[in-house]
Every structure is written in structure tokens, then in C-alpha cells.
Amino acid sequence: MLHIQENISLKPYNSFSIDVKADYFAEIFSEADLKALFENELSKLQKLLIIGGGSNVLFTQDYLGLVIKISIKGIESKADGDNIFVTAGAGEVWNDFVNYCIEKNFAGVENLSLIPGTVGASPIQNIGAYGVELKDVFESCTAFEIKTGEIKTFNFSDCHFGYRESIFKAELKGQFIITSVTFRLSAQPKINTSYGAIKVELQKRAIENPTIADVSSAVSHIRVSKLPDPSTIGNAGSFFKNPVIEKYEFADVVARHPDVVHYPTPDNKIKLAAGWLIEQCGWRGKVVGQTGTWKNQALVLVNHGNATGSEVYNFSEQIIDSVKSTFGVTLEREVNIL
Ligand code: FAD
Ligand code: EPU
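Report follows, based on the coordinates. Computed from a predicted structure; not experimentally measured. (Residues numbered from 1 in each chain as written. Chains lettered and ligands numbered in written order. Predicted model: local features only at pLDDT ≥ 70, side-chain atom pairs only at ≥ 80, totals over all residues. Heavy atoms only, no water.)

If you tally the helices and strands in the chain, you get eight helices and 20 strands. Taken over the C-alpha trace, the chain has a radius of gyration of 20 Å; the compact-globule value for 338 residues is 20 Å, and the two agree within 12%. With respect to the principal axes defined by its C-alpha atoms, the chain has extents near 60 × 50 × 35 Å. Looking at the chain as a whole, 49% of its 338 residues qualify as buried. Long-range pairs, those at least 24 residues apart, make up 60% of the contacts in the chain between residues at least 6 apart in sequence. In the form shown here, the chain has an accessible surface area of approximately 15,900 Å², with 50% of it arising from carbon and sulfur atoms. Of the side-chain charges in the chain, 32 are positive and 39 negative, and the distance between the mean point of each set is 4 Å. (Helix = DSSP H or I, 4+ residues; strand = E, 2+ residues; numbered from the N terminus. Rg over C-alpha atoms; globule rule 2.2 N^0.38 Å. Buried < 20%, exposed > 50% of the residue type's maximum accessible area, 1.4 Å probe, protein only. Contact = heavy atoms within 4.5 Å. Areas by Shrake-Rupley, 256 points an atom, 1.4 Å probe, with all protein chains shown as cover. Lys, Arg positive; Asp, Glu negative; His and termini not counted. Charge placed at Lys NZ, Arg CZ, Asp CG, Glu CD.)

Taken together, 32 residues are adjacent to ligand 1, and Ile50, Gly52, Ser55, Thr118 and Arg223 come closest. In the model, a nitrogen atom of ligand 1 is placed 2.8 Å from a nitrogen or oxygen of the Gly128 main chain. Residue Ile178 places a main-chain N or O atom 2.8 Å away from a nitrogen atom belonging to ligand 1. Relative to its unbound accessible area of 980 Å², ligand 1 is 93% covered by the protein chains. (Near = heavy atom within 4 Å. Polar contact = N/O pair within 3.5 Å; in protein donor to acceptor, adjacent residues only side chain to side chain.)

Taken together, 23 residues sit near ligand 2, with Tyr130, Tyr163, Tyr195, Glu279 and Glu334 positioned nearest. Tyr130 places a main-chain nitrogen or oxygen 2.7 Å from an oxygen atom of ligand 2. With respect to ligand 2, the side chain of Glu279 contributes an N or O atom lying 2.6 Å from a nitrogen atom. Protein burial of ligand 2: of its 820 Å² of free accessible surface, 82% is covered by the chains. Taken together, the elements giving at least two residues each to the shell around ligand 2 come down to helix H5 (212–226), strand S13 (234–238), helix H7 (274–280) and strand S19 (297–303). Residues that form the shell around ligand 2 fall into these classes: 11 nonpolar, five polar and seven charged. Composition of the shell around ligand 2 by domain shows at least three residues from each of domain 2 (75–186) and domain 3 (234–337). (Nonpolar A, V, L, I, M, F, W, Y, C, P; charged D, E, K, R; others polar. Domains from an automatic or database assignment.)

Sheet strands associate in pairs through backbone hydrogen bonding, adopting either a parallel or an antiparallel arrangement. The strand order across the open sheet built from four strands is S1-S2-S5-S3, with neighbouring strands paired in mixed fashion. Single-partner strands in this sheet number two, and they are strand S1 (4–9) and strand S3 (48–51). Strand after strand, the sheet turns through a mean of 35° between neighbouring axes, direction not considered. When S3 meets strand S5 (residues 63–70), the two strands line up parallel, connected through four bridges. Its bridge partner lying in S5, Leu49 is registered against Val67. Contacts between helix H1 (residues 31–39) and the sheet are confined to S1, strand S2 (21–28), S3 and S5, with S2 contributing the most and set at about 140° to the helix. (Pairing = 2+ DSSP bridges. Axes fitted to C-alpha atoms, helices over the stretch in contact; angles between N-to-C directions.)

Any functional reading would require information beyond the geometric quantities listed.
Right, dumping it as C-alpha cells:
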């Protein structure tokens, strides 16, 4: 039964633990709930915000509108030769879904272990970690169109995936609610240990022929050592994207900073490690009021207890200014600012 709550705290619903209120809040467990919600006059009058786990948002003020939390569950799989097509409800917790795949020996998402949030948000910024992005295993998704109330299917080429980008963050922002995602996984694992830290961790464990469970365990171990756990210290993972710059711009940066951490991209550009840039500006582990950067990862901004969203946002402005004046590079926020 659809239940719309009024004037509720969003603190339990965002991993930054920012204490703001929403005028209205509804949790959605099925497509039928979504239809019912959009038949309700209230939804037509309100500004809308869709959330899953709230682990990539920063609330800088109360939300004057209706927050819709997607909790549609269910996982189904279908084998077709070596391909396994797995469809998961948008509200499945991402890491529960990853663990389900590992238990069944469905390969492809093990490098994405322990990313917070939901399955439905995974295509929004094309989540990525440790050498794999969502786009590498994405088959299709279904989404509810807010304007028409119809469910539409988006195939890979419809989604325009890029580094932390998709059509859902760009042209179609705010227009569709993802209800399920179908992944193309494999019964024949292609183990990906291209990310140096995974190799090192497997070597430490003396594992020569890793299984997908070994890769998942190594990735989880690395993540826990670097990233703060949102259940104890509020954060939304990397606050900024790693900047991607042209080669001629890079030539200028590297001439002045020969040890700058960088990687080539497939489209012949250069990606810089934002965490390194921020650390070089002296920000790693800095505490400023109730906010700051994480001691083991300067790219992660944290809430030390009672930070407001504006405090975190203003701090992020200071970091942007400082990186710009030191390196001439402009950082772009990865987290969705509200
Ligand atoms: P939310 O924060 O609830 O929403 C994020 C955006 O997606 C919002 O714009 C929202 O409106 C939209 N949205 C959410 N659900 C839907 C839906 N069903 N339909 C339409 N729009 C929707 N990200 C990475 O890519 N790689 C990482 O390695 C990584 N590590 C992290 C580590 C930590 C400790 C934390 C806290 C975050 C990390 N993140 C990482 C960011 C975050 O986990 C991902 O962005 C994740 O996909 C967010 O899922 P969510 O359900 O919490 O989305
Ligand atoms: N570095 C520093 N100082 C720091 C942080 C990093 O010098 O404080 C250096 C590291 O030594 C390393 C390089 O920067 O040489 C890259 O660091 P790391 O491997 O930790 O990865 P990242 O580029 O900082 C990205 C993603 C993460 C993802 C990891 C692993 C972005 C914006 N972030 O971080 O995603 O988990 O790679 O693949 O692309 C997220 O999106 O929220 C997120 C956590």
C-alpha cells in the first residue's frame, strides 16, 4: 500500500548523514506503487527527487518537494550459452546483488564489490571501480517515464555511457525512474586484475589463479582500507571526478609537476588522479569545522558529525580553488548536489 509521509528527516536516507527534511516522502516497492503514486494529485504538484541508497547525494537544504525512494526488489536469471542474463529490481542493494552473482558463479561484477547504493542507480553515473564499469556488463534497463506513466526499455546504445556519465544524468535527467536492470554476465569468468592494487593483494595472499570470489574479497579488502564506512562517518565516496584533460594541457601540468599521477584514456586524453592533486595541495586528512577530507583518501569529503550540506559544499569550493591555482586544473563534482 502506497504511503506518503510528510515532513520527514532525510538523515537516515543519505550516506553523508546530513540532517535535512523533505516535505513529502514515499517508498516504492513495485511498479504498481509507482503508477498509484503518479495517479495521486500530490505527485503532480511537487518537485520530485528519486533516491536509492542516497550514497551519491549531498543535501544542502531541506527538500521542498516529494522524495521517492525506490525499493523494488527481486532477482531473476536466464542462461543462454555462456551468457547469463540477470535482471534485478532497482531497489536491490548493489552489494547484495554482487554477492548473489558470486555465490551463483555468475562472473562480471566482482570488481564492483562493496560499492554502496542500489542496482537502479548503477546506470545513472555508470558506476566503476577497479578496472570495470557498469557499462561492461550492462544489457538493458526498464524505466518508468514520469510524463507518460509508461515503462520503456533502454538498451546499451541508448544510455550513452561515459566515465561517471549516462543519458540519465544528462538529456533525460529527472525524466525516468529506473525500475530494473538486466546484466549480461558470464558462466566462464574472465578474471580482471588489471588494477595494480588487486594484483598486489592477491600476491600477498599467494593466490595464483583467482576465482571471482577471490577478486571480490581482494577488492573489498582494498576498499575498506581506503574508504570511510558511511555507517560510522558520513560520506558519498569520491566527491569529485578524476579530471580528464587534453594532451596539450597535460604537457603543461607535467612540465611543472613531473610526478603527477595520470593515466591515458581510450580516447587519447589524460586522466589525472584528483586525490593526488588534492593531497598535493595539503588537504589530505584536514578537518575544517565538521567537515574535511578522509585521512586515507583525499578525494573523499566527510561529515565528522553534525556538518551541514552547505558546510561540505563550501569546503569543496575551497578545494576546487586550491587545485585550480596550484595545477590550473578544474575539478568537477561527482556527487549530486541538492
Ligand atoms: P542515490 O545516491 O540515491 O542517487 C544517485 C543519483 O541517481 C541521484 O541523481 C538520483 O536521483 C538518481 N537515482 C537513484 N536511483 C534512481 C532510479 N531508480 N531511477 C532514476 N534515478 C535514480 N561510485 C562509483 O561509481 N564507484 C565507486 O567505487 C564508489 N564508491 C563509493 C564508496 C562510498 C563509501 C560511497 C558512500 C559511495 C561510493 N560511490 C561509488 C558512489 C555511489 O555508491 C554510487 O553512485 C551509487 O550508484 C549510488 O547509488 P544510490 O542508490 O545510493 O543512489
Ligand atoms: N592518491 C593520492 N592521494 C590520495 C588519494 C589518491 O595520492 O589522497 C593517488 C593514489 O595513490 C593512486 C591514485 O591517486 O595513485 C588513484 O587513487 P585510487 O586508486 O584510490 O582511486 P581514485 O582514482 O582516487 C577512483 C574512483 C573510485 C574507485 C577507485 C577504484 C573516481 C572519481 N573515483 O578513485 O570511485 O573506487 O578509483 O577504481 O573515479 C566513487 O566514485 O565514489 C569512488 C570511490
